[in-house]
Amino acid sequence: MQNILVTGGAGFIGCNYVRLMLEKYSDYRVVVIDKLTYAGRLENLQDLAERYGDRYAFVQGDICDGAAIDGVIAQYDIDTIVNFAAETHVDRSILEPDAFVKTDVLGTYTLLESARKGGNLRYHQISTDEVYGHIAGDHNSLEDDKMMPRSPYSASKAAADHFVHAYHITYGLPVTISRGANNIGPYQYPEKVVPLFVTNALAGESLPVYGDGQQMRDYQYVVDHCEGIDLVLHQGVIGEVYNIGTGKEMTNLAMVEILLDELNLPRTLIRHVEDRQGHDRRYSMDVRKIMSLGWEPSYTPEEAIRASVRWYVDNRWWWEPIRSGEFREYYQRVYGNRKVIA
Ligand code: NAD
Ligand code: DAU
């Protein structure tokens, strides 16, 4: 493993992963391919060319474009593909599912074909706990549980997981899949709940909690997730799936209270608004399999929330230009006419 192609490397988790790989392995070259959608930001990678020289390269391109992928594989002698590229926001998938099917399903298939034609390259797929769907009772999802996706986003990610598995069984492609819980931390586009709420609060705006706020999520620090992905890539059993999360969930309201406490702002900023359509009430994964490889998170969910809040407080240069661009139109569309319920 020497020349890694990271798709979606200009996005939130991708850029944290690229940074980790370049720092950790001085003999690896990391090539990013990214379409630069609204969520892909060159500023997330802006210091890397100077710091790492030709160990790092960026190519603007679409994972649905097989010829472009084949060209990058040949040009950089790629031996490993890690696929982060996706449309990732559930609320956007409810408004416009089309792009999700294209990138998350067709894009994954296109990468798998390129990996196969390129001589069965090592392939790792970044998946999500959302493929398991809403988890009732006190069950924790195991890797071989049935996928029961319930949003256009999670249905697209589940379809991609099926293709990855099928390429392993049919063509012997050396694949692994990791399914991550909610990531938070530096460089997360402020449509996702933690950066949205921190930046709203700093702008003196209210925090729109969907429904009663009793939904359960496992908020993990993004660098912990990236360490887990790295471990699966190097030590995971080929053909297997690994859940990655802290294994500890909390309600959204508890998350918001920690966030406001770190900002020293009052809870009167909270507004309960009309719920997300088809909102999954609870995700919860069993993470013993990744832990058996020697991984454990270095941040608890509460530490992850506090560290994330501080990053947005300290990095206005990063999010202020985003919030004044395409984001405003999106915000108006999703929240403009949303009923306040409490
Ligand atoms: P993100 O939205 O921040 O970044 C996605 C990146 O993919 C962007 O840089 C975007 O430009 C790029 N992209 C989109 N369409 C593309 C295309 N057709 N071709 C090339 N590049 C394209 O997303 P993220 O939160 O960093 O998520 C990364 C991956 O991790 C996704 O596969 C997502 O499903 C998965 N995941 C995310 C979380 C989370 O909490 N954020 C948790 C588990 C799994
Ligand atoms: O679980 C992993 C998934 O986490 C990833 O696969 C997705 O790519 C990522 O977007 C994320 O999905 P969620 O839907 O869980 O994340 P989001 O930040 O959108 O919402 C987190 C919780 O907060 C969820 O229960 C909905 C709620 N929420 C969200 C927003 C944006 C609100 O209450 N208000 C909001 O305005």
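**Re the site of ligand 2**
As a matter of local geometry, ligand 2 sits amid 26 residues, with Thr128, Asp129, Tyr153, Arg276 and Tyr335 nearest to it. The separation between an oxygen atom of ligand 2 and a polar side-chain atom of Asp129 is 2.5 Å. One of the backbone nitrogen or oxygen atoms of Pro208 is found 2.8 Å away from a nitrogen atom of ligand 2. Of all elements in the fold, only α4 (90-95), α7 (193-202) and β8 (207-210) reach the threshold of two or more residues within the shell around ligand 2. A breakdown of the residues in the shell around ligand 2 according to their chemical character gives 11 nonpolar, 8 polar and 7 charged.

**A few points about the nonpolar core**
Tyr17, Val18 and Leu259 are the most contacted members of the largest nonpolar core, which totals 79 residues. Here this core gets 8 residues from one element, more than from any other, and that element is helix α1 (residues 12-24). The residues that make up this core include at least three from each of domain 1 (3-183 + 222-244) and domain 2 (193-216 + 248-285 + 299-331). Among the nonpolar cores identified, the runner-up in size contains 24 residues, and Ile33, Ala57, Ile63 and Leu112 belong to it.

**Some remarks on the site of ligand 1**
Around ligand 1, the structure places 28 residues, and the nearest of them are Ile13, Asp34, Thr88, Tyr153 and Lys157. Between ligand 1 and the protein, one listed contact pairs a nitrogen atom with a backbone N or O atom of Ile63 at 3.0 Å. Contact distances for ligand 1 include 2.7 Å between an oxygen atom and a side-chain N or O atom of Lys157. The fraction of the free accessible surface of ligand 1 (840 Å²) that becomes covered by protein chains is 97%. At the level of elements, α1, β5 (122-128) and α6 (152-171) are the ones that each hand at least two residues to the shell around ligand 1.

**Examining a nonpolar patch on the surface**
Together, Leu106, Tyr109 and Phe163 make up a nonpolar patch on the protein surface, roughly 250 Å² of accessible area in all. Along the chain, Leu106 falls in helix α5 (residues 98-117).

**With respect to helix α8 (residues 222-235)**
Side chains three or four residues apart in an α-helix point the same way, a direct result of the helix having 3.6 residues per turn. Under the 1.5 Å per step criterion, the end-to-end length of α8 is 20 Å for 14 residues, consistent within 8% with the ideal 20 Å. Of all 14 residues in α8, 10 are buried, a share of seventy percent or more. When α8 is considered as a whole, its buried residues turn out to be Val222, Asp224, His225, Cys226, Gly228, Ile229, Asp230, Leu231, Val232 and Leu233.

**Regarding the packing of helix α3 (residues 66-76) against α5**
One can describe the packing of α3 onto α5 by two numbers: an axis separation of 9 Å at closest approach and a directional angle of 40 degrees. Here α3 lies oblique to α5, going by the angle between them. Seen from above, α3 lies across α5 with right-handed handedness. In contact with Gly66, Ile69, Asp70 and Ile73 of α3, α5 contributes Thr110, Leu111, Ser114 and Lys117.

**Things to note about the domain arrangement of the protein chain**
Annotation of the protein chain at the domain level lists domain 1 (3-183 + 222-244) and domain 2 (193-216 + 248-285 + 299-331). If you average the C-alpha positions of domain 1 and of domain 2, the two centres end up 25 Å apart. Residue-level contacts link 30 residues of domain 1 with 17 residues of domain 2. Both faces combined, the contact of domain 1 with domain 2 buries some 2000 Å², and carbon together with sulfur accounts for 49% of it. Considering only the side of domain 1, the residues that lose the most area to domain 2 are Asp91, Arg92 and Arg150, jointly responsible for 22% of the buried surface there. With a shortest N-O distance of 2.8 Å, Arg92 and Glu326 are connected by a salt bridge. Counting the contacts that link domain 1 with domain 2 gives 15 residue pairs in polar contact (both at pLDDT 80 or more). Residue assignment for the side of domain 1 that touches domain 2 shows that the elements contributing at least two residues are α4, β6 (175-180) and β11 (241-244).

**Notes on the side chain of Glu130**
Examined against the element boundaries, Glu130 turns out to sit in the loop between β5 and α6. With residues near it in sequence (within four places) discarded, Glu130 still touches Val90, Pro149, Ser151, Tyr153, Ser154 and Tyr283.

**Focus on the sheet that holds strand β2 (residues 29-34)**
In spatial order, the strands read β3-β2-β1-β4-β5-β6-β11; together these 7 strands make up an open sheet with parallel pairing. Each edge of the open sheet is held by one strand with a lone partner, namely β3 (56-60) and β11. Direction aside, neighbouring strands of the sheet carry axes that sit 20 degrees apart on average. Pairing geometry for strand β1 (residues 3-7) and strand β4 (residues 80-83), over 4 bridges, is parallel.

**Side note on the packing of aromatic side chains**
Tallying each qualifying case throughout the model produces 17 aromatic pairs. When the centroid spacing of 6.3 Å and the interplanar angle of 70 degrees are considered together, the rings of Tyr312 and Trp318 count as edge-to-face. Here the two residues Tyr312 and Trp318 agree in accessibility, since each one is buried. Cluster of aromatic residues (ring-pair linked, three or more members): Tyr38, Tyr189, Tyr210, Phe327, Tyr330, Tyr331 and Tyr335. Directly above the ring of Tyr242 sits Lys289, whose terminal nitrogen or CZ lies 4.8 Å from the centroid.

Quick notes on the rules
- Residues numbered from 1 in each chain as written.
- Chains lettered and ligands numbered in written order.
- Predicted model: local features only at pLDDT ≥ 70, side-chain atom pairs only at ≥ 80, totals over all residues.
- Heavy atoms only, no water.
- Near = heavy atom within 4 Å.
- Polar contact = N/O pair within 3.5 Å; in protein donor to acceptor, adjacent residues only side chain to side chain.
- Helix = DSSP H or I, 4+ residues; strand = E, 2+ residues; numbered from the N terminus.
- Nonpolar A, V, L, I, M, F, W, Y, C, P; charged D, E, K, R; others polar.
- Core = buried A, V, L, I, M, F, W, Y, C linked by side-chain atoms within 4.5 Å.
- Buried < 20%, exposed > 50% of the residue type's maximum accessible area, 1.4 Å probe, protein only.
- Domains from an automatic or database assignment.
- Areas by Shrake-Rupley, 256 points an atom, 1.4 Å probe, with all protein chains shown as cover.
- Patch = residues over 30% accessible without salt bridge, like charges linked within 9 Å, V, L, I, M, F, W, Y side chains within 5 Å.
- Salt bridge = Lys/Arg side-chain N within 4 Å of Asp/Glu carboxyl O.
- Expected span 1.5 Å × (residues − 1).
- Axes fitted to C-alpha atoms, helices over the stretch in contact; angles between N-to-C directions.
- Parallel < 35°, antiparallel > 145°, perpendicular 65-115°, else oblique.
- Left-handed = near helix turned anticlockwise from the far one by under 90°.
- Contact = heavy atoms within 4.5 Å.
- Buried area = accessible area lost by both parts, 1.4 Å probe.
- Pairing = 2+ DSSP bridges.
- Phe/Tyr/Trp six-rings, centres within 6.5 Å; stacked < 30°, edge-to-face > 60°.
- Lys NZ or Arg CZ within 6 Å of the ring centre and 35° of its normal.

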